[in-house]
Amino acid sequence: MTITCTVASQPIGKVKADLVAVPVFAKRVLGPGAGEVDRALGGALARFMNKAGFEGKPGETLMVPVAGMGAKTALLVGVGARDEVSAATLRRAGASIARRATSAASVATTVASAASASVAPEAAAYALAEGTALGAYQYLAFKTKGEPTKLRRVMLVGDGGSGGGKAVTAALARARVVTDAVAWARDIVNEPSLTKSPADFAASAKRLLAGKGVTVTVLTESQIRAQKMGGVIGVGQGSERPPRFVKVVYAPPGGKARGTLALVGKGVTFDTGGISIKPADGMEAMKTDMGGAAAALGAMSTLEALGVRHRVVSYTPMVENMPSGNAIRPGDVLRMRDGQTVEVLNTDAEGRLILADELAWAVDEKPDAIVDLATLTGACVVALGEKVAGLMGNDDSWSAQVQAAADRAGEPMWHLPLPDDYRKNLESEVADLRNISNNRYGGALTAGLFLEAFVDDRPWVHLDIAGPARASADDGELARGGTGFGVRTLVELARTFEPPQPKKSRTKKSGTKKKPTTTKAARR
Ligand code: BES
Ligand code: MN
Ligand code: ZN
């Protein structure tokens, strides 16, 4: 159900489509093209809106029949106050159109022109195209009686369309690449774990990335062991289905990379909790515990098509966290890839164990900056809710760069601290670290602090996406289930990457204060 967005050369009254979608501002102020709809209704539009209680608020829609236009039906799309229309409004409007237009194969729309005062034509076209593709997403793989949307084609009319020329066409192509990657991530997150073993996930990643200008390496269990990834082996050993590790390298053509960006993603294909087993209620959601890896891999699939000029390397461990006679137990100690030892006091805090190995591997290869994405803690969902990711890091300028990319991409994130004071909560009696805090509060932060112990002071950002990786209801550009959260931010980050200042010349600031040297002394 991919949707093709094009630029229409005809005006909204003439263009042939199953549906025309026009914007209406707050207080029922008609936007571009809505006047034609009013004329086609013989001036009855105000009465229609009134009767239906349609006010022009963002996300509101109203279907009206029309005569004498190229389409038989018009869709009014609320976009809110005229001077507040942003790219985010257009993305949301696009999603509303796609959700309402499920029985129309083609839609012609002037909605992208609603922001002509504040958003450049190509940015408007991008946002609208992205919104329609995201809003049209459905997961019907197991619905034998599902009703797939008929929507296939969206035609942009007006200055969000023809006015922008080449830049608009390029923006539409870019939106298509990105939304295809998001759709892949959503599909694989939604896939039930029965058919999503670590090997299945790795195979799916290989299929996605074939012909995408990247090098893919898949490590099997024995190769993972040979790499001393004690975290991945430990977490994976309770499952009948052995772990995989997928490394993907994108090098820009011509060998002229400006810096290397490393992406690390948590790929737990199902998280039962292991021996520290989770309650039955809601456990099904843990099929989505690989959303971080899905986002990283989805982003990797876009880099060549988008002409990214930096090296980007992704590291995604894939494991199933199961209880069994072979599973790790509370009290066991694992030796991670960088030599640090971890006392496992709760086998359900498994994400950080596999990420520790991947972060250590990434660090070995000396990237300029690292971002990890992980559905890591329920505590982060308690703190920030289901829609906002927690952002933590050891370098304020790198954190700001990631936050800015997320803002542009329209994925909400909030900066959380890594307080020095909480580091001691991770001290173990028998090993270098324990995998859970000895204090019940601030679980998102202590998870972040645990990861920080493996990044060796390299510029690093941790995104806890436990909330936004999944949506509990259709809403705007999100569809119930896997959201593909993170793909858009990572793509934007890869496109605009500025390697942070190297260590020596930068003034080190972390979420709070300077890091004590004592944690370091315990290493290796
Ligand atoms: N995958 C979970 C985190 C999670 C919770 C993701 C809810 C999405 C929604 C993670 O592996 C986990 O189990 N974390 C524990 C950590 C605890 C044992 C310290 C948690 O958050 O309860
Ligand atoms: Mn867990
Ligand atoms: Zn987990």
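Small disclaimer: the values here were computed from a predicted structure and weren't measured.

### Topic: the domain arrangement of the protein
Here is step 1: Segmenting the protein into domains produces domain 1 (4-179) and domain 2 (196-496).
Here is step 2: Taking the mean C-alpha position of each, domain 1 and domain 2 sit 36 Å from one another.
Here is step 3: Each partner contributes to the interface: domain 1 provides 11 residues, whereas domain 2 provides 16 residues.
Here is step 4: Among the residues of domain 1 in contact with domain 2, R91, R99 and V178 are the three that bury the most area, contributing 41% of the side total.
Here is step 5: At the junction of domain 1 and domain 2, the tally comes to three salt bridges.
Here is step 6: Across the domain 1-domain 2 interface, the total number found is three residue pairs in polar contact (both at pLDDT 80 or more).
Here is step 7: Of all the secondary structure elements, the ones that give two or more residues to the side of domain 1 that touches domain 2 are α3 (87-100), α4 (121-135) and α5 (165-190).
Here is step 8: No other element matches α3, which puts four residues into the side of domain 1 that touches domain 2.
Here is step 9: Partitioned by chemical class, the residues of the side of domain 1 that touches domain 2 number five nonpolar, one polar and five charged.

### Topic: the site of ligand 1
Here is step 1: Neighbouring ligand 1 are 16 residues, the closest being D271, K278, D348, E350 and G378.
Here is step 2: Residue G378 places a main-chain N or O atom 2.7 Å away from an oxygen atom belonging to ligand 1.
Here is step 3: A total of 510 Å² of accessible area belongs to ligand 1 in isolation, and the protein chains cover 78% of it.
Here is step 4: Classifying every residue of the shell around ligand 1 by side-chain character gives four nonpolar, four polar and eight charged.

### Structural notes on the coordination of the manganese ion (ligand 2)
Here is step 1: At 2.0 to 2.2 Å from the manganese ion (ligand 2) lie its protein donor atoms, namely D271 (OD), D348 (O), D348 (OD) and E350 (OE).
Here is step 2: Counting the intervening residues between successive donors of the manganese ion (ligand 2) yields the motif D-x76-D-x1-E.
Here is step 3: Between the manganese ion (ligand 2) and the zinc ion (ligand 3), the interatomic distance is 3.1 Å, and D271 donates to each metal, bridging them. Placement of the pair is D271 in strand β11 (residues 267-271) and D348 in the loop between β14 (341-343) and α10 (351-364), with a sequence separation of 77 residues.
Here is step 4: Residue D271 is classed as buried on the basis of its relative accessible area of 3%.

### Things to note about the side chain of T446
Here is step 1: Its location among the elements puts T446 in helix α13 (residues 443-452).
Here is step 2: For T446, a relative accessible area of 2% translates into the label buried.
Here is step 3: Those residues within four positions of T446 in sequence are excluded, and the remaining contacts are Y422, N425, L426 and S437.

### Concerning the sheet that holds β14
Whenever strands of a sheet pair, they do so through backbone hydrogen bonds, lying parallel or antiparallel.
Here is step 1: If you trace the three strands from one edge of the open sheet to the other, you get β13-β14-β18, paired in mixed fashion. Edge strands, defined here as strands with exactly one partner in the open sheet, are β13 (333-335) and β18 (433-434).
Here is step 2: As paired elements, β13 and β14 share three bridges and run antiparallel to each other. Looking at β14, one finds that V333 is bridged to E343.

### Let's talk about the nonpolar core
Side chains that are nonpolar tend, in soluble globular proteins, to be buried together.
Here is step 1: L261, L297, V312, V371, W398 and L463 are the most contacted members of the largest nonpolar core, which totals 88 residues.
Here is step 2: Per-element accounting of this core gives the leading share, 11 residues, to α5.
Here is step 3: Both of domain 1 (4-179) and domain 2 (196-496) provide at least three residues apiece to this core.
Here is step 4: With near-sequence residues (within four places) excluded, W398 lies in contact with L261, A369, I370, V371, P459, W460, V461, L493, F497 and P500.

### Things to note about the pairing of strand β7 (residues 153-156)
Here is step 1: The pairing of strand β1 (residues 4-7) with β7 spans four bridges and is parallel. Across the sheet, the residue bridging to T6 is M155, located in β7.
Here is step 2: Inspection of the sheet shows strand β6 (residues 106-109) paired to β7 by four bridges, in the parallel sense. Within β7, the position partnered with A108 by the bridge is M155.
Here is step 3: Where the polypeptide runs from β6 across α4 and back to β7, its parallel neighbour, the crossover connection is right-handed.

### Concerning the coordination of the zinc ion (ligand 3)
Here is step 1: Of the protein atoms, only K266 (NZ), D271 (OD), D289 (OD) and E350 (OE) coordinate the zinc ion (ligand 3), at distances of 2.0 to 2.4 Å.
Here is step 2: Angles of 78 to 172° at the metal separate the six donor atoms of the zinc ion (ligand 3), which places the site in the octahedral class.
Here is step 3: Coordination of the zinc ion (ligand 3) draws on donor residues from a single chain, spaced K-x4-D-x17-D-x60-E in sequence.

### Regarding unusual backbone geometry
Here is step 1: Its identity is not glycine, yet K27 carries a phi of approximately 60°, on the positive side.
Here is step 2: Within the fold, K27 resides in the loop between β2 (19-25) and β3 (29-30).
Here is step 3: For D456, which is not glycine, the phi dihedral falls at a positive 50°.
Here is step 4: Among the structural elements, D456 can be located in the loop between α13 and β19 (460-464).

### Re the packing of aromatic side chains
Between two aromatic rings, the relevant description is the distance of the centres plus the angle of the planes.
Here is step 1: On inspection of all chains with the given rule, the structure shows four aromatic pairs.
Here is step 2: Between W398 and F497 the ring centres are 5.6 Å apart and the planes differ by 80°, which places this aromatic pair in the edge-to-face class. Of the two residues, W398 sits in helix α12 (residues 396-409) while F497 sits in the loop between α14 (487-496) and α15 (518-521), which places them 99 residues apart along the sequence.
Here is step 3: Looking at W398, the relative accessible area reads 0%, which means it is buried.

So, how was this worked out
- Residues numbered from 1 in each chain as written.
- Chains lettered and ligands numbered in written order.
- Predicted model: local features only at pLDDT ≥ 70, side-chain atom pairs only at ≥ 80, totals over all residues.
- Heavy atoms only, no water.
- Domains from an automatic or database assignment.
- Contact = heavy atoms within 4.5 Å.
- Buried area = accessible area lost by both parts, 1.4 Å probe.
- Salt bridge = Lys/Arg side-chain N within 4 Å of Asp/Glu carboxyl O.
- Polar contact = N/O pair within 3.5 Å; in protein donor to acceptor, adjacent residues only side chain to side chain.
- Helix = DSSP H or I, 4+ residues; strand = E, 2+ residues; numbered from the N terminus.
- Nonpolar A, V, L, I, M, F, W, Y, C, P; charged D, E, K, R; others polar.
- Near = heavy atom within 4 Å.
- Areas by Shrake-Rupley, 256 points an atom, 1.4 Å probe, with all protein chains shown as cover.
- Donors = N, O, S within 2.8 Å, 3.2 Å for Na, K, Ca; no water.
- Buried < 20%, exposed > 50% of the residue type's maximum accessible area, 1.4 Å probe, protein only.
- Pairing = 2+ DSSP bridges.
- Core = buried A, V, L, I, M, F, W, Y, C linked by side-chain atoms within 4.5 Å.
- Right-handed = clockwise from strand over helix to strand, strands pointing away.
- Tetrahedral: all angles 85-135°; square planar, octahedral: opposite > 155°, others 65-115°.
- Phe/Tyr/Trp six-rings, centres within 6.5 Å; stacked < 30°, edge-to-face > 60°.

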